[in-house]
Amino acid sequence: MGSINISNRFWVMKSLPNGNNFEDALEIREESSLDVPLGCFVTKNIYLSMDAGTRMYMTEREDSYQPPIPIGEKLTGTVLGEVVESNHPDYAVGERLRSYGQWSDYSVVDPKAMYPSKVDDSELDLVNYVGIYGANGWTAYTGVINTGKVKAGDTFVVSAAAGCTGLMAGQIAKIAGCKVIGIVGKDEKCQLICKEYGFDGAINYKTENISEKLKILCPEGINVYFDNVAGPTLDAVLENMANFGVIAVCGLMENYGSAERLPGPYNYDLILMKRLRFEGFFSPDFYHREPEINPILKNWSERGLLKLPIETTDGLENLAVAYSKLFEGTNIGKVVVKV
Ligand SMILES: NC(=O)c1ccc[n+]([C@@H]2O[C@H](COP(=O)([O-])OP(=O)(O)OC[C@H]3O[C@@H](n4cnc5c(N)ncnc54)[C@H](OP(=O)(O)O)[C@@H]3O)[C@@H](O)[C@H]2O)c1
């Protein structure tokens, strides 16, 4: 075990967040040294990725992918940073890596926890490595292509469609030749995804009857639903699925704030009536596919077929405000904090 003297600010939960009130529940603290266990390294963080799924670890829910983050412990997430100290032979000082670290100035990274990957220094905009060329890009890709198994001519629906993962999923389905409908929480987002991102139609789930609008927009039935939210939206989509359709289960925005499980869909019977396939997918299961997927995403991005706006909040101290955007729906595309 080594140790370095360094002034490090880091975020903790001082209490479980009530709904979307992260500003009261999270607190920034400071320390003057960091322990660096054998096999670990330290990065000076440049960008922190704000991910909606982290909200699950801020509850007492025990059956999630990761145990709850205890009150007072450092909050964790994907970080992009430069190695400043290394106690591991494979990671050298000066290298830029995307890894699983802490919401802090400096992260102590155990590469065994999640495989860190080296960032291509020739990429002008490093932030893309926590956007298009990061877990959200791979999630959108595998959800549409591998789980959804979309075909040209399919009708594809995605929820949280103006957020990071959903916006990319919709564009990838469009590239694959689908008719694409997005479900979002604001009229401005409806207009934006159709005008700027090529969606064929949009629904405001806060003001419109989702099921009725889907009947109008997708009279032929939905072949693939990329579900980011679950809850009543899923029930409305189930009513409009085509026979032999696929529900690709990506996330549960409706339920991340709660330690309780959501009840199953009311329209469960329709899974049988329409012979649907329901399948979940989780990004760490396909991290090893980065060398295969990133060149495809890069090609689409360079040809202007896949775009991802980035909302950058400057300053670690403003992280709680940045994180709230995901749950208040004030973001378009990826939310990051520039440390
Ligand atoms: N399976 C995986 O491996 C994996 C990996 C990455 C992300 N995900 C999932 O992808 C989804 C999006 O995550 P992200 O990090 O990319 O965030 P994001 O989509 O950039 O932001 C979340 C969006 O969700 C919408 N939203 C918030 N609360 C909602 C609610 N109660 N009902 C419906 N929509 C709501 C908001 O937009 P509106 O204005 O439209 O409400 C907001 O913009 C999450 O479910 C996340 O868990 C899964």
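It should be noted that the structure appears before, not after, this text.
Residues numbered from 1 in each chain as written. Predicted model: local features only at pLDDT ≥ 70, side-chain atom pairs only at ≥ 80, totals over all residues. Heavy atoms only, no water.

**Side note on the overall build of the protein**
For the protein, the count of helices and strands is nine helices and 15 strands. Its C-alpha atoms give the protein a radius of gyration of 20 Å, within 12% of the compact-globule value 20 Å for 339 residues. On the principal axes, the C-alpha backbone points of the protein span a range of 65 × 40 × 35 Å. Within the protein, contacts between residues separated by at least 24 positions form 68% of all contacts whose residues are at least 6 apart in sequence. Of the roughly 14700 Å² of accessible surface on the protein, 51% is carried by carbon and sulfur atoms. Side chains of the protein carry 32 positive and 44 negative charges; the gap between the two charge centres is 5 Å. (Helix = DSSP H or I, 4+ residues; strand = E, 2+ residues; numbered from the N terminus. Rg over C-alpha atoms; globule rule 2.2 N^0.38 Å. Contact = heavy atoms within 4.5 Å. Areas by Shrake-Rupley, 256 points an atom, 1.4 Å probe, with all protein chains shown as cover. Lys, Arg positive; Asp, Glu negative; His and termini not counted. Charge placed at Lys NZ, Arg CZ, Asp CG, Glu CD.)

**Here we look at the site of the ligand**
Within the structure, the ligand sits among 29 residues, and Lys189, Tyr205, Tyr256, Ser283 and Asn331 are positioned closest to it. Take cysteine 164: an N or O atom from its main chain is 2.8 Å from an oxygen atom of the ligand. Between phenylalanine 281 and the ligand, the recorded distance is 2.8 Å, taken from a backbone N or O atom to a nitrogen atom. Partitioned by chemical class, the residues of the shell around the ligand number 14 nonpolar, 12 polar and three charged. (Near = heavy atom within 4 Å. Polar contact = N/O pair within 3.5 Å; in protein donor to acceptor, adjacent residues only side chain to side chain. Nonpolar A, V, L, I, M, F, W, Y, C, P; charged D, E, K, R; others polar.)

**Observations regarding helix 8 (residues 290-302)**
The end-to-end C-alpha separation of helix 8 is 17 Å, in line with the 18 Å expected for 13 residues at 1.5 Å each. Tucked into the core, helix 8 has its buried residues touching strand 5 (96-102), strand 7 (117-118), helix 2 (135-147) and helix 3 (164-175). Trailing helix 8 by a residue or two, glycine 304 shows a phi angle of about 75°, which is positive. (Expected span 1.5 Å × (residues − 1).)

**What to know about helix 3**
Between its first and last C-alpha, helix 3 extends 17 Å over 12 residues, near the 16 Å set by a 1.5 Å rise per residue. The buried fraction of helix 3 amounts to 10 of the 12 residues, a majority that puts the element mostly inside the structure. Within the span of helix 3, buried status applies to Cys164, Thr165, Gly166, Leu167, Met168, Ala169, Gly170, Gln171, Ile172 and Ala173. (Buried < 20%, exposed > 50% of the residue type's maximum accessible area, 1.4 Å probe, protein only.)

**Details of the pattern of salt bridges**
Throughout the structure, instances matching the rule amount to 18 salt bridges. Where arginine 9 meets aspartate 105, a salt bridge forms, and the shortest distance between an N and an O atom there is 3.0 Å. Of this pair, arginine 9 sits in strand 1 (residues 2-13) while aspartate 105 sits in the loop between strand 5 and strand 6 (106-109); the two residues are 96 residues apart in sequence, bridging distant segments of the chain. Take arginine 9: its relative accessible area is 23%, and that puts it in the partly exposed class. (Salt bridge = Lys/Arg side-chain N within 4 Å of Asp/Glu carboxyl O.)

**Section: the packing of aromatic side chains**
Under the definition given, this model contains 11 aromatic pairs. When the centroid spacing of 5.5 Å and the interplanar angle of 50° are considered together, the rings of phenylalanine 22 and phenylalanine 327 count as tilted. Placement of phenylalanine 22 in helix 1 (residues 22-25) and of phenylalanine 327 in helix 9 (residues 319-328) is noted, with a sequence separation of 305 residues between them. When its relative accessible area of 16% is taken as the criterion, phenylalanine 327 is described as buried. Ring geometry for phenylalanine 156 and phenylalanine 226: centres 6.4 Å apart, planes at 50°, overall tilted. Highlighted residues: phenylalanine 156 in strand 8 (residues 155-159) and phenylalanine 226 in strand 11 (residues 222-227), separated in sequence by 70 residues. Take phenylalanine 156 and phenylalanine 226: they sit in the same class, and that class is buried. (Phe/Tyr/Trp six-rings, centres within 6.5 Å; stacked < 30°, edge-to-face > 60°.)

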